[in-house]
Amino acid sequence: MPTDPSSFAAHLAEDLSPEDIIQVLTLLRGDIENLVATLESAARAGDAKAFRAAAHGLAGAAGSVAAGPLEQISRRAMTNLDPDAPIAATAIEIRAIADATLRQIADVLAGGAPPVAS
């Protein structure tokens, strides 16, 4: 299950100003959207190498803001691909978790700059 939306802000607030948090999450949102689209395209093409590369980028992006579920599934996808299993199924699973993460980011962004952690 995805983490609480405020966890993104709380993790980032350890080192960043509220304005910087908004900027980071805005950039992250675009990165996640692009990487998931690339991953899905690679899955449709059956391109395991490109799929792993997109999963690697997604794991890094998710890890940078403590988006645990997205990072975990992405790391699993980049390291444990079963050669007999279609990567399309993993892409569907990643899309669902990425969409939940994107909704959380949107919730934080809609709320304005989060308070700085004390």
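Residues numbered from 1 in each chain as written. Predicted model: local features only at pLDDT ≥ 70, side-chain atom pairs only at ≥ 80, totals over all residues. Heavy atoms only, no water.

**Things to note about the overall build of the chain**
Check the secondary structure of the chain and you find five helices and zero strands. Listing every helix and strand of the chain by position from the N terminus yields α-α-α-α-α. Relative to all contacts within the chain whose residues are 6 or more apart in sequence, the contacts with residues 24 or more apart total 69%. By element, 55% of the accessible surface of the chain is carried by carbon and sulfur atoms, the whole surface being about 6,200 Å². (Helix = DSSP H or I, 4+ residues; strand = E, 2+ residues; numbered from the N terminus. Contact = heavy atoms within 4.5 Å. Areas by Shrake-Rupley, 256 points an atom, 1.4 Å probe, with all protein chains shown as cover.)

**Here we look at the pattern of salt bridges**
Throughout the structure, instances matching the rule amount to four salt bridges. Notably, a salt bridge pairs Asp99 with Arg95, separated by 3.0 Å at the nearest N-O pair. Within this pair, Asp99 and its partner Arg95 are both found in helix 5 (residues 87–110), separated by four residues, close to a single helical turn. Overall, the relative accessible area of 27% leaves Asp99 in the partly exposed class. One network of salt bridges, in which partners are shared, links Glu40, Arg95 and Asp99. (Salt bridge = Lys/Arg side-chain N within 4 Å of Asp/Glu carboxyl O. Buried < 20%, exposed > 50% of the residue type's maximum accessible area, 1.4 Å probe, protein only.)

**Topic: the side chain of Glu40**
On the secondary structure map, Glu40 appears in helix 2 (residues 18–45). Within the local environment of Glu40, its side chain forms a polar contact with the side chain of Arg95, the two groups lying 2.9 Å apart. In contact with Glu40, not counting residues within four places along its chain, are Ala91 and Arg95. (Polar contact = N/O pair within 3.5 Å; in protein donor to acceptor, adjacent residues only side chain to side chain.)

**Remarks on the packing of helix 3 (residues 48–64) against helix 4 (residues 68–79)**
At a minimum axis separation of 8 Å, helix 3 and helix 4 run at an interaxial angle of 155°. Comparing their axes, helix 4 and helix 3 come out roughly antiparallel. The two elements helix 3 and helix 4 cross, and the hand of that crossing is left-handed. Of the residues in helix 4, those touching helix 3 at Phe51, Arg52, Ala55, His56, Leu58, Ala59, Gly60, Ala62 and Gly63 are Leu70, Glu71, Ser74, Arg75, Ala77 and Met78. Split into classes, the residues belonging to the contact of helix 3 with helix 4 amount to eight nonpolar, four polar and three charged. (Axes fitted to C-alpha atoms, helices over the stretch in contact; angles between N-to-C directions. Parallel < 35°, antiparallel > 145°, perpendicular 65-115°, else oblique. Left-handed = near helix turned anticlockwise from the far one by under 90°. Nonpolar A, V, L, I, M, F, W, Y, C, P; charged D, E, K, R; others polar.)

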